[in-house]
Structures are given as structure tokens and as C-alpha cells.
Amino acid sequence: MAGNEYEAGLKMIEELTTNAQQIQEQLLGEILKRNAGTEYLSKFLHGQTDKQLFKRNVPIVTYEDIRPYIDRIANGEPSDILLAEPVTGFFRSSGTSGGQPKLIPHTAEVANTVAIVSSLYRSVKIKHFGDLDQVGKRMELMFSTPEIETPSGLKASSVSTSLFKGSQFRTILPKLYTSPIEAIICYDTQQSIYCQLLFGLIQRDEVVTVGSIFASTVLRAIKFLEDYWQELCSNIKTGQISDWITDPGCRNAASLILKPNPELACSIENIYSCKSWEGIIRKLWPKARYISAIHTGIMIQYTAELEFYCGGLPLVSGFYSCSETVCGINLEPLSKPSDVSYTFLPNMAYFEFLPVKKECINNSQDQVQFNSVSDHCESIDMKSNNEDTEPVDLVNVKPGQYYELLVTTSRGLYRYRVGDILMVVGFHNNTPQFQFVERENTILSVYVDKTSEAELLKAVTEAKTLLHPLGFILTGYTSYGDTSSTPGHYVIFWELKVTEGNNIKELDPKIMVECCSRMEESLNYTYKIHRKGNAIDALEIRVVKQGTFDALMDYYVSQGASLSQYKSPTCIKSKEALKILDCRVIGKFFSPKPPI
């Protein structure tokens, strides 16, 4: 990107964020003008395009509300029942956040939207890191899932798969990335990750960034290296790829780059053979400037372990987006994980924000900070009430307040509840900056209690500190509400890893019981009241053997989730997923008494 293009990108960001209200008004007007005559909107607008009529008459909806229209399009009906532009396909969500995968219509304009956002964020990266695309490649782990053909003939795929199959991406891939397209579109995730790591190691001196979409995927790659580093080095040494790599595309790509290189293999072996893997990412890719991966929201649980491996490289979380739309970018990529916020782009969608009520009580002053949200204020209830709470426009949100995100797009989503809870942390010019807090519909409940994703993470964060002095770290967790008996109780699955230099191989039961107690003490007021009244039974932690959360990921990927978009579910809703966890339990511990 030439200097004037980079400066033009920063200038565009300034113009967008300064004129946010005008851009939002104009965008909504365009959406309504194009789509007011659709079967869906005409019921509420009767062909008119007035903003106030839109806000008064068009209901706030969830996916289930508009699913009948999407299903009709998928089954072959004209797309103008929902949107004016022809539907060119569907984005298929992973289904790990809210249960079942969703089909989100997309049109020809999606490619242009992606190009605009990529250009803007690239300007931000050049400002902070220089133009790294001119000096090296990205060792980025990318994965695809098979497309599903709907009865209409339109294809449904993950957002990332759709991007990877586009001609624009394939054109820039060889110059900017170490992974060949054959490895990215290989649907066997084991073969794909092996080959992508192999190609990344062969080109290690060219790598300037390392990453994947989510922090959890980067950590999975590190665990994969722990198991396969000797085999990878052998392949590099001999110039021959392992026999178990049977995908024709992967084998062909390997034949073009893999040549016998004993010297490179030896240098990599020396790194792997070190007593400690602390800083292993920086050692393997010495020219890397940062690690690119989303590590906000629920992904923040992986930052401590990732920081151990990254050797001081900054963790950069660049985008906030979802299957429905791109929302914002991180203008300060060098921010600490707990301080990351996303500046919304007012030209991406028409945004509204449903205020979320948080009732608070005073707590002690020694509680943890999560996502820069003070936990001195403990949530009793977090809910939205459409009858007495009106959505707020983008420019009218208030710092420190919590909101549920609504989007209106030209792709058939009108006042659509994305399901994300955000907190306003400030403004850039006239545009708000948000931190992602949690998913609205991820709630643990066994009685009248409601424990949110953020509250559960806070409780886990409190409890896991008891493990650190013993040489154990928490590498993954999830939960479910067990109501198979009365009263019901919370079950928390933990996967633990022994830290380097720790000779203790067994958990101390007393400490694990204390972890259960610490979690209960950290949960909200409603939970504790009903726990004391015996309406909720003792919280249980089930420790699972190592590799369990990889098996859980493999299950969701086998069900159609993209590894690139996979987020470990905070609350388990699938019976099959629960079986995967339960059959790997190696220890069960219960809170001995109700919290004080």
C-alpha cells in the first residue's frame, strides 16, 4: 500500500467516525428505499421509507422470527420476499455460541464490504507496525468447511470458507501467506493443520505475523506441535511428507515446496528440544512482529497461556464481526487484551442498541477486573424489556452503559438481535467504541437463577488462581445445568495442564473443593440466595483428561462448524457434546457448603 493510500485509509476512518450520524441516517434511508416493497417490510411500512415509521412499526426480531422467510428463499422462492437484491448464497454460522447454525443471506455486495474493511484496518496496522506485507508473509491458520447446497441451488458456507474460495483472496494468497490454498480448503482438519504448520516452518524466516481468527485455534496449533514436531522435522529433513497425509491437494502443494533441508530441520529441532516451551512462537518465527487472533470476550481465558508461548509478542485483536455483518475495528492494536475496544464503522450496517439493565450491589474491594468492567458492581439480573426500553441510535449510546446489539442491513436483516452484549468504553470522534462482554443467550440456569457468560468467566477466573501455586493451569472450561435430579446444580468442566517444572502429578482434592467454593462465592446474588435456601444444589467441578476440549472441537467441526470460526461453547446444549465430556471425566469435586 503506497503512502498516499495508507493515509487515505486513515483519513476515511476519521471522516466516517466524525460524520457517523449523517452516514447512519443515509444508510438506513438507502436500505428502506431498496427494500420497503419486500413482502416482509411492506407489512410494516406499506411502501414508505420514513425512519420514525420504521422504528415504530418494524419489530425487533431474532433469527427464529425471520427463519421462515430465509427457509423459503433456501427452498427456491424469490429473494424479494425479504430483500430486493438477489441472494447469491448464505453464510452459515458455527452454531457453537447459540446452539443451532443459522443461515444468513448474502449478496454480491459482500465482497466490496470485505474489501473496504480490510483496506481500513490495513491502514491502522501500517500506522503501528509498518507495511509488513512488503517484507514478509503471514503464518495464519485458516480452515474451510464443506459447502451445503440448499434446495434452491444456493450454497451455504461459513464466512471464512466463502472468503477463501473467492478469486480476490486466491490472487493475494501466495504473496501474503505461507499456507497454500490446497491446505486451507482441505476438509480434514488434522491434515490441514499439519500441512499449514509444515509450510509455516519451511518459510519461517519470511514470517512476520502468526495467528488465526481466534486465540483458541492458535493454542490448538501449539498443542499440535507438541505432538508432531519430530515428524514435522523429519519431513523437512528428508523432503518427504508423511504417508498419512493423503489429501491429493496437500501432497501436491508439498511437492512444490518441500525439499531436503537437514540444516533447517536441525535448527528447528534444537528449538523444540529446549527444556521450556516458553516463548516458542517467537523462537520458531523470529521475525514475527505480533500474534493476530481475537482474544476478547470469552477468548480472554486463553490469553495467559498464549502469552506464555508468544515470548513477549503483542496479541492483536483486529476486528469485531459476525455472520450478520462487520461491526468495527480496533484502532489501537497494541492495547492490552483487557483494554481492547472496537470502533464501529457507521457505513457497515444501521446499528441500534437495546439498553441492558444491570442492578448492582456493593461488593468487597478485592474483586477481579474483567474486560475493564469493574466487578465491584455485581450483576443480579441482566435483561432487556422491549416494552419500557427503546433502542438507542449509534451516536446516542452512553459510556459505561451496556447494550444488546441490533443490526439492519441491506441483506434482509431488519432490527435483528445479534445476541451480543457490549459495553461503551468511549468515543473516537462521534463514533462509540465498544468492548465485547458476552453472548446474551448463553445463560446457565437450574431454577430462577440466571448466570451470564461474563459472570461464569469471572467465577472461573477467581477460582483458578488457587491452582497456580500448585503448578496447574486451566486450559479450557464449559458448563451445563444438571436438572436430572432435584434440586438441580451447576456442573463446570475443567481441563487442566501441568506447568513446566511441576513434579506434582495429582490434584489436591482439598484445593479442588475450595475451587468449587470460590466459584460459588463469585456468582451473583440470586444464585447465592437460592443456594442457601437449598433450591440449588452444590456446584460441581468435573476435571476432564487432557485433549478433551480438542475432542469437543473436533465434534463441532464434524457437525459443520468451521475450525476458523470455532468458539468453545460456554454452556453445553448438545447431548452428544455432553457425552464427549462425561466419558473423559477423571475427577469430580463439590462445594461443601452454600456460599456466605
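Residues numbered from 1 in each chain as written. Predicted model: local features only at pLDDT ≥ 70, side-chain atom pairs only at ≥ 80, totals over all residues. Heavy atoms only, no water.

A. Representation of the overall build of the protein chain. Within the protein chain, the regular secondary structure consists of 20 helices and 26 strands. Structurally, the protein chain occupies a C-alpha span of about 70 × 65 × 45 Å along its principal axes. Within the protein chain, the proportion of its 596 residues that are buried is 57%. Put simply, of all contacts in the protein chain between residues at least 6 apart along the chain, 70% involve residues at least 24 apart. Here the protein chain contributes 59 positively and 69 negatively charged side chains, and the mean placements of these two sets differ by 1 Å. (Helix = DSSP H or I, 4+ residues; strand = E, 2+ residues; numbered from the N terminus. Buried < 20%, exposed > 50% of the residue type's maximum accessible area, 1.4 Å probe, protein only. Contact = heavy atoms within 4.5 Å. Lys, Arg positive; Asp, Glu negative; His and termini not counted. Charge placed at Lys NZ, Arg CZ, Asp CG, Glu CD.)

B. Looking closely at the environment of Ser522. Following the sequence through the fold, Ser522 ends up in helix α17 (residues 509-522). Spatially, the C-alpha atom of Ser522 lies 51 Å from that of His46, the residues being 476 residues apart in sequence. Apart from residues lying up to four places away in sequence, Ser522 is in contact with Lys458, Ala459 and Glu462. A polar contact is formed between the side chain of Ser522 and the backbone oxygen of Arg518, at a distance of 2.9 Å. (Polar contact = N/O pair within 3.5 Å; in protein donor to acceptor, adjacent residues only side chain to side chain.)

C. Highlighting the confidence of the model for the protein chain. Confidence in the prediction for the protein chain averages 88 pLDDT; 92% of positions are at 70 or higher. Note on residues 359-388: pLDDT under 50 across the span, and 77 contacts to partners over four residues away in sequence or across chains. (pLDDT = per-residue confidence, 0-100.)

D. Local environment of the packing of helix α10 (residues 189-202) against helix α11 (residues 215-238). As a packed pair, α10 and α11 sit with axes 10 Å apart at the nearest point and diverge in direction by 65°. Relative to α11, the crossing made by α10 is right-handed. Contact residues: Gln190, Ile193, Tyr194, Leu197, Leu198, Leu201 and Ile202 in α10; Arg220, Ala221, Phe224, Leu225, Tyr228, Glu231, Leu232, Asn235 and Ile236 in α11. Considering only residue class, the contact of α10 with α11 consists of 12 nonpolar, two polar and two charged. (Axes fitted to C-alpha atoms, helices over the stretch in contact; angles between N-to-C directions. Left-handed = near helix turned anticlockwise from the far one by under 90°. Nonpolar A, V, L, I, M, F, W, Y, C, P; charged D, E, K, R; others polar.)

E. Just the nonpolar core, in detail. Counting 145 residues, the largest nonpolar core has Tyr272, Ile281, Trp285, Phe344, Phe351, Phe353 and Leu405 as its most contacted members. If you tally residues by element for this core, the top one is α11, at 11 residues. Residue contacts for Phe344: discarding those within four places in its chain leaves Tyr320, Cys327, Gly328, Phe351, Phe353, Leu394, Leu405, Leu422, Thr431, Pro432 and Phe434. Counting 30 residues, the second-largest nonpolar core is a separate cluster that includes Ala463, Leu467, Met512 and Phe589. (Core = buried A, V, L, I, M, F, W, Y, C linked by side-chain atoms within 4.5 Å.)

F. Molecular detail of the pairing of strand β12 (residues 350-355). β12 sits mainly inside the fold: five of its six residues count as buried. Here β12 runs beside strand β18 (residues 402-408); their pairing, made up of six bridges, is antiparallel. Bridge pairing links Pro355 to Tyr403 in β18. As paired elements, β12 and strand β17 (residues 392-393) share two bridges and run antiparallel to each other. Directly across from Glu352, in β17, lies its bridge partner Asp393. (Pairing = 2+ DSSP bridges.)

G. Examining the pairing of strand β3 (residues 137-140) more closely. Burial of the side chains of β3 extends over both faces: Lys137 and Met139 are buried on one face and Arg138 and Glu140 on the other. Strand direction decides the pairing type here: β3 and strand β6 (residues 207-214), joined by four bridges, are parallel. Following the sheet pairing, Arg138 is matched in β6 by Thr209.

H. Molecular detail of the sheet that holds strand β19 (residues 416-428). Taken in spatial order, the eight strands line up as β9-β10-β11-β20-β19-β18-β12-β17 in an open sheet, and their pairing is antiparallel. Each having just a single partner strand, β9 (319-321) and β17 make up the two edges of the open sheet. Inspection of the sheet shows strand β10 (residues 326-329) paired to strand β11 (residues 342-344) by two bridges, in the antiparallel sense. For Gly328, the partnering residue across the bridge sits in β11 and is Phe344.

I. Just α17, in detail. Given a rise of 1.5 Å per residue, 14 residues ought to cover 20 Å, and the 20 Å separating the end C-alpha atoms of α17 matches this to within 8%. Every buried residue of α17 is accounted for by Met512, Cys515, Cys516, Ser517, Met519, Glu520 and Ser522. Residues of α17 that are buried make contact with α16 (453-464), β24 (489-498), α18 (525-532), β25 (540-544) and β26 (585-590). Where α17 begins, the capping side chain belongs to Asp508, and its oxygen is found 2.9 Å from the backbone nitrogen of Lys510. (Expected span 1.5 Å × (residues − 1).)

J. Main features of the packing of aromatic side chains. Counting across every chain of the model gives 27 aromatic pairs. Centre to centre, the rings of Phe164 and Phe169 are 5.1 Å apart; their planes meet at 45°, and the pair counts as tilted. Look at Phe169 and you get buried, because its relative accessible area is 7%. Taken together, the aromatic side chains of Tyr320, Tyr342, Phe344, Phe351, Phe353, Tyr403, Phe434 and Phe436 make up a single cluster linked through ring pairs. Looking at Arg415, its charged tip hangs above the ring of Phe54, at a distance of 5.6 Å from the centre. (Phe/Tyr/Trp six-rings, centres within 6.5 Å; stacked < 30°, edge-to-face > 60°. Lys NZ or Arg CZ within 6 Å of the ring centre and 35° of its normal.)

K. Quick look at the sheet that holds strand β1 (residues 89-92). One open sheet holds the four strands; their spatial order is β2-β1-β5-β4, and the pairing between them is mixed. Sheet topology places β2 (103-106) and β4 (148-149) at the edges, where each strand pairs with a single neighbour. Across two bridges, the pairing between β4 and strand β5 (residues 155-157) is antiparallel. Residue Ile148 lies in a different strand from β5, and its bridge partner there is Ala156. Here helix α5 (residues 63-74) sits on the sheet in contact with β1 and β2, set at roughly 60° to β2.

L. Focus on the packing of α10 against helix α12 (residues 248-257). Two numbers describe how α10 lies on α12: the axes approach to 11 Å, and their chain directions differ by 10°. Between α10 and α12, the crossing angle belongs to the class labelled roughly parallel. Within the contact between the two elements, α10 uses Cys195, Phe199 and Ile202 and α12 uses Cys250, Ala253, Ala254 and Ile257. Split by residue class, the contact of α10 with α12 holds seven nonpolar, no polar and no charged. (Parallel < 35°, antiparallel > 145°, perpendicular 65-115°, else oblique.)

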